[in-house]
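Residues per chain, in single letters:
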Amino acid sequence: MSDAARGLEYRYVGPAELRSLVRPEAVGTGIRSAADLEGRLCALPPEETAEPFTFVVDPAGVLRLAARRSEHVVCAGGGTVLAAGEMGFRRESGRWVVAEVSNQSTGYCPDTTSWAAVAEALDAAGIAHPGGFTHEVVFRRCPGCGELGIVRDGDYFCVFCGAGLPEEWNVDGVRRPRRPDA
């Protein structure tokens with residue numbers, strides 16, 4: 001796993017009541033290969049594959065998919081993630097490819113730099129993808145009132161109290177320890 005993917009794990013910061021939905025049988029399906037993706041998507045009706053999926057990249061660097069209306073914390077089994085958001089697919093030249101991908105997860109509020117972990121998981125699985133998030137969400141925690149918010153149009157001000165927001169991501173992450181062999 002690369003330094004980028006190993007750099008930051010995101011803790012769940014959403015409502016506590018959603019964490020109570022976590023069940024071992026509800027964890028997102030691990031996608032380690034294009035064949036895994038093919039099996040997962042071909043088993044679903046077309047209307048389900050037409051909309052984006054909830055995804056996380058777990059601490060081992062594995063992409064996990066769940067139905068769009070699933071909670072990210074459930075998809076992740078309640079643990080930390082390297083990335084989280086929504087991902088849509090389309091058929092291209094007889095195989096599934098990523099058509100759209102975002103870091104939109106209000107449960108984990110991942111930084112846009114989490115793309116490195118997404119790209120690494122997709123590359124490891126042999127799944128073609130765009131070169132970055134097709135829709136980036138910029139999350140920040142207000143140092144004034146403590147609320148979580150989304151920065152829109154480069155306006156780094158809290159919509160709750162008007163305080164300035166930091167340009168650096170500050171929601172709630174944990175630096176992962178570097179492996180001695182890295």
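Data block above holds the structure.
We now turn to the structure provided with this report. Remember, it's a predicted structure, so these values are computed and weren't measured experimentally.

The rules behind the values
- Residues numbered from 1 in each chain as written.
- Predicted model: local features only at pLDDT ≥ 70, side-chain atom pairs only at ≥ 80, totals over all residues.
- Heavy atoms only, no water.
- Phe/Tyr/Trp six-rings, centres within 6.5 Å; stacked < 30°, edge-to-face > 60°.
- Helix = DSSP H or I, 4+ residues; strand = E, 2+ residues; numbered from the N terminus.
- Buried < 20%, exposed > 50% of the residue type's maximum accessible area, 1.4 Å probe, protein only.
- Salt bridge = Lys/Arg side-chain N within 4 Å of Asp/Glu carboxyl O.
- Pairing = 2+ DSSP bridges.
- Axes fitted to C-alpha atoms, helices over the stretch in contact; angles between N-to-C directions.
- Contact = heavy atoms within 4.5 Å.

Taken as a whole and assessed by the stated rule, the structure comprises four aromatic pairs. Ring centres of Tyr-10 and Trp-169 lie 5.1 Å apart, and the angle between their planes is 90°; this geometry places the pair in the edge-to-face category. Taken together, the residues span a long stretch of sequence, with Tyr-10 in strand 1 (residues 8-10) and Trp-169 in the loop between strand 8 (148-151) and strand 9 (173-175) at a distance of 159 residues. The burial state of Tyr-10 is the same as that of Trp-169; both residues are buried.

Enumeration over the complete set of coordinates arrives at six salt bridges. One salt bridge in this structure joins Glu-38 and Arg-91, with 2.7 Å as the shortest N-O distance. Here the residue Glu-38 occupies a position in helix 3 (residues 34-42), and Arg-91 occupies one in strand 5 (residues 83-92), the gap between them amounting to 53 residues. Owing to a relative accessible area of 41%, Arg-91 belongs among the partly exposed residues under this scheme.

Once that is clear, we can look at unusual backbone geometry. Keep in mind that most residues, glycine aside, have a negative phi and that most peptide bonds are trans. Here Ser-93, not a glycine, exhibits a phi torsion of approximately 50°, which is positive. In this fold, Ser-93 is placed in the loop between strand 5 and strand 6 (95-102). The backbone of Cys-109 shows a phi angle near 50°, a positive value even though the residue is not glycine. Tracing the sequence through the fold places Cys-109 in the loop between strand 6 and helix 6 (115-125). Owing to a relative accessible area of 2%, Cys-109 belongs among the buried residues under this scheme.

We now examine the sheet that holds strand 6. An order of 2-4-3-5-6 is seen for the five strands of this open sheet, with the pairing classed as antiparallel. The outermost strands of the open sheet, each flanked by one partner alone, are strand 2 (29-31) and strand 6. The average undirected angle you get between the axes of adjacent strands in this sheet is 40°. Where strand 2 meets strand 4 (residues 63-66), three bridges bridge the pair, whose relative direction is antiparallel. The residue of strand 4 that forms the bridge with Ile-31 is Leu-63. Along the sheet, helix 3 contacts strand 2, strand 3 (53-57), strand 4, strand 5 and strand 6; its crossing angle with strand 2, the most-contacted strand, is approximately 140°.

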